[in-house]
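# Observations on the three-dimensional arrangement
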Amino acid sequence: MSTFHLAFRNMTSRLFIGIDDTDNLESRGTGFHARALCAAINDNALGRCRFVTRHQLLMSPLVPFTSHNSAACLVVETPASLQAIEHLCKNYLLENSAEGADAGLCLLPEKNLSHALARFGVLCKHRVVIQTQARDLAEAAQLGLFGLTGTEDGVIGALAAACLCASGNDGRLLWLAGMRDHAEQTPTLSELHNATDIAVVQSIEGEVLSNKNAKIMMGAWPRAIWLNGEPCLIVEPVEEQADVWQVAAKNYLKQF
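The notes below deal with the structure included here. Computed from a predicted structure; not experimentally measured.

Calculation criteria
Residues numbered from 1 in each chain as written. Predicted model: local features only at pLDDT ≥ 70, side-chain atom pairs only at ≥ 80, totals over all residues. Heavy atoms only, no water. Helix = DSSP H or I, 4+ residues; strand = E, 2+ residues; numbered from the N terminus. Rg over C-alpha atoms; globule rule 2.2 N^0.38 Å. Buried < 20%, exposed > 50% of the residue type's maximum accessible area, 1.4 Å probe, protein only. Areas by Shrake-Rupley, 256 points an atom, 1.4 Å probe, with all protein chains shown as cover. Lys, Arg positive; Asp, Glu negative; His and termini not counted. Charge placed at Lys NZ, Arg CZ, Asp CG, Glu CD. Phe/Tyr/Trp six-rings, centres within 6.5 Å; stacked < 30°, edge-to-face > 60°. Lys NZ or Arg CZ within 6 Å of the ring centre and 35° of its normal. Axes fitted to C-alpha atoms, helices over the stretch in contact; angles between N-to-C directions. Parallel < 35°, antiparallel > 145°, perpendicular 65-115°, else oblique. Left-handed = near helix turned anticlockwise from the far one by under 90°. Contact = heavy atoms within 4.5 Å. Nonpolar A, V, L, I, M, F, W, Y, C, P; charged D, E, K, R; others polar.

### Quick word on the overall build of the protein
When helices and strands are counted, the protein shows 7 helices and 11 strands. Over its C-alpha atoms the protein spans a radius of gyration of 18 Å, differing by no more than 12% from the 18 Å that the globule rule assigns to 256 residues. Expressed as lengths along the three principal axes of its C-alpha atoms, the size of the protein is roughly 55 × 40 × 35 Å. Buried positions account for 52% of the 256 residues belonging to the protein. When the accessible surface of the protein is split by element, carbon and sulfur atoms take 49% of a total near 12,100 Å². Positive and negative side-chain charges of the protein, numbering 20 and 27 respectively, have mean locations separated by a distance of 3 Å.

### As for the packing of aromatic side chains
Within the structure shown, the criterion is met by 2 aromatic pairs. Directly above the ring of Phe 32 sits Arg 28, whose terminal nitrogen or CZ lies 4.3 Å from the centroid. Across the ring face of Phe 146, the terminal group of Lys 90 is positioned such that the distance to the ring centre comes to 3.9 Å.

### Concerning the packing of helix H4 (residues 131-140) against helix H5 (residues 154-167)
As a packed pair, H4 and H5 sit with axes 8 Å apart at the nearest point and diverge in direction by 50°. Classed by the angle they form, the pair H4 and H5 counts as oblique. Seen from above, H4 lies across H5 with left-handed handedness. For the pair H4 and H5, contact is made by Gln 131, Ala 134, Arg 135 and Leu 137 and by Val 155, Ile 156 and Leu 159, respectively. Taken together, the residues of the contact of H4 with H5 break down into 5 nonpolar, 1 polar and 1 charged.

So, in structure tokens, the structure goes:
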């Protein structure tokens, strides 16, 4: 089994849907559209969209982008029909992408993930990549990669986001069920696991919390990171309070 598949061992088959360049400076961002697509997939019973992740790509004057050059990926389990999901995503992005956007869409089934695709995702974080590289790689891997508006440059980020998310160790969560409901609350570790799909809570140093009664101060900006193919909440201890933790600072989490 490929090292990139180890995170998904004993899990339901997944489909990774990357989208990029759907916005302009005045419109809602790609993250908003990714969350809306996730809800649409669930509402139409086309699969179970469990997570939406954000992936930071190269920030360079050589790369055109709206604000931060990030792309988004939806993680969908047991899609009822790949064609139906493709149709829904295409229609949504064609109807809702902002004027002047260069929207791209990628559908990457878990079984198609390869070392070449994983390398492409990492490459897009460090070097300038052109459309033909993305399209050639997607064609060789038999992936659905679609340029939908404008110059269609969004295919680069869409493929990169899908590859990075599928590889399992890049980005942070834009959405997972129940997470935003816990902002400014202090649930126990047990309550947090029961109410959300957070798989692991661990300290900045890597200590995995195990005491079910440990308290987690969520703060105003609770964000999980994507680690080993699942959401992981990074926390730090609250001084002079035993088994009380707080979500890591926003500036720390923004590096993911």
